[in-house]
Amino acid sequence: MNLPLITPLGRIVISIAKILGSFIFFLGTALKVLFTERVNLPQLLLHMKQIGVDSFTIIFLTGLSAGLALALQTNIGFSRFGIEEFIGTVVALGLTRELGPVLTGLMVTGRAGSAIAAEIGTMSITEQIDALRTLCINPFQYLIVPRILAGIMILPFLTIFSMICGIAGGYIYCVYLMGQNPESYISGIQQFVELKDIVGGLIKSSVFGLILTWVGTYNGYRTLGGARGVGIATTRSVVVASILILIANYFLSSFLNETGIS
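This write-up is about the structure you can find in this document. (Residues numbered from 1 in each chain as written. Predicted model: local features only at pLDDT ≥ 70, side-chain atom pairs only at ≥ 80, totals over all residues. Heavy atoms only, no water.)

Things to note about the packing of aromatic side chains
Reasoning step 1: Under the counting rule described, the total for this entry stands at 11 aromatic pairs.
Reasoning step 2: Ring centres of Phe26 and Phe140 lie 5.1 Å apart, and the angle between their planes is 50°; this geometry places the pair in the tilted category. Here the residue Phe26 occupies a position in helix H1 (residues 3-36), and Phe140 occupies one in helix H6 (residues 139-177), the gap between them amounting to 114 residues.
Reasoning step 3: Note on Phe140: relative accessible area 9%, which makes it buried.
Reasoning step 4: Ring centres of Phe86 and Phe192 lie 6.1 Å apart, and the angle between their planes is 65°; on these two criteria the pair is classed as edge-to-face. Of this pair, Phe86 sits in the loop between helix H3 (56-78) and helix H4 (87-125) while Phe192 sits in helix H7 (residues 182-192), and the two are 106 residues apart along the sequence.
Reasoning step 5: Since its relative accessible area comes to 38%, Phe192 is described here as partly exposed.
Reasoning step 6: Pairwise contacts between aromatic rings join Phe23, Phe26, Phe140, Trp214, Tyr218 and Tyr221 into one cluster. (Phe/Tyr/Trp six-rings, centres within 6.5 Å; stacked < 30°, edge-to-face > 60°. Helix = DSSP H or I, 4+ residues; strand = E, 2+ residues; numbered from the N terminus. Buried < 20%, exposed > 50% of the residue type's maximum accessible area, 1.4 Å probe, protein only.)

Written out as structure tokens, the structure is:
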């Protein structure tokens, strides 16, 4: 048995287990506070605005651009088979089931998730969190739970907005650039897009909202090392949350498809 090889490997496994355990324990503590203490409503509304309302511009541009690009690429493929009338269907299904939730989650992670990590991280290194404890204020009740709840609640609304903008972008391309009959574009969507497609996308977006706020608050809360530590925590939050969103998207798609929800 090669002990020099096994020892470093064991250390890596133990380190990963510690990180995962700490990560899950953090969420468990937040859930315990959520169900045992009163939610700070002013903080919840504030963070719903910061995460959701302040992201409308970037979500508008992202959804519109995604719809235009998807319609363009779909037209390139469908024109070879003479089935351009189904472009609207593909655009709507792609946006409601996949692109809308995923792009919204990624863009909000970059804009709001990083801000969450930076804000809480700054509070951590300047001992403001310790000051909250001194004043008998639970940091989880005041800082963590409102942000996580806000992400879960507001992401579906942003996703609906992204879907609408994307479908509008596809409409602009098909009708005004391709010269397609508007009725053909709309009727294809009405005929093939079902309510469960939209519901599945909204379920995904809520999970993505949980992920990006969970990762952001966790990394911010555990920030060490001054200003450099805040930068590391912010970068780590965006990278980890983005990867988890992409991984979770596959498993959620598989689960929703098997259960018939989407």
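Text resumes after the structure shown.
Looking at the state of the cysteines
Reasoning step 1: Tallied over the full model, the rule gives 0 disulfides.
Reasoning step 2: Cys174 takes part in no disulfide bond, and the closest cysteine sulfur to it belongs to Cys165, at a distance of 16 Å.
Reasoning step 3: According to the relative accessible area criterion, Cys174 is buried, its value standing at 0%. (Disulfide = S-S within 2.5 Å.)

Considerations on the packing of H3 against H6
Reasoning step 1: In the contact formed by H3 and H6, the axes pass within 7 Å of each other and the chain directions differ by 40°. If you check the angle between H3 and H6, you find them oblique. For the element pair H3 and H6, the recorded crossing hand is right-handed. Between H3 and H6, the contacting residues are Phe56, Ile59, Phe60, Gly63, Leu64, Gly67, Leu68, Ala71, Leu72 and Asn75 on the first element and Leu158, Phe161, Ser162, Cys165, Gly166, Ala168, Gly169, Gly170, Ile172, Tyr173 and Cys174 on the second. (Axes fitted to C-alpha atoms, helices over the stretch in contact; angles between N-to-C directions. Parallel < 35°, antiparallel > 145°, perpendicular 65-115°, else oblique. Left-handed = near helix turned anticlockwise from the far one by under 90°. Contact = heavy atoms within 4.5 Å.)

Any functional reading would require information that these geometric values do not contain.
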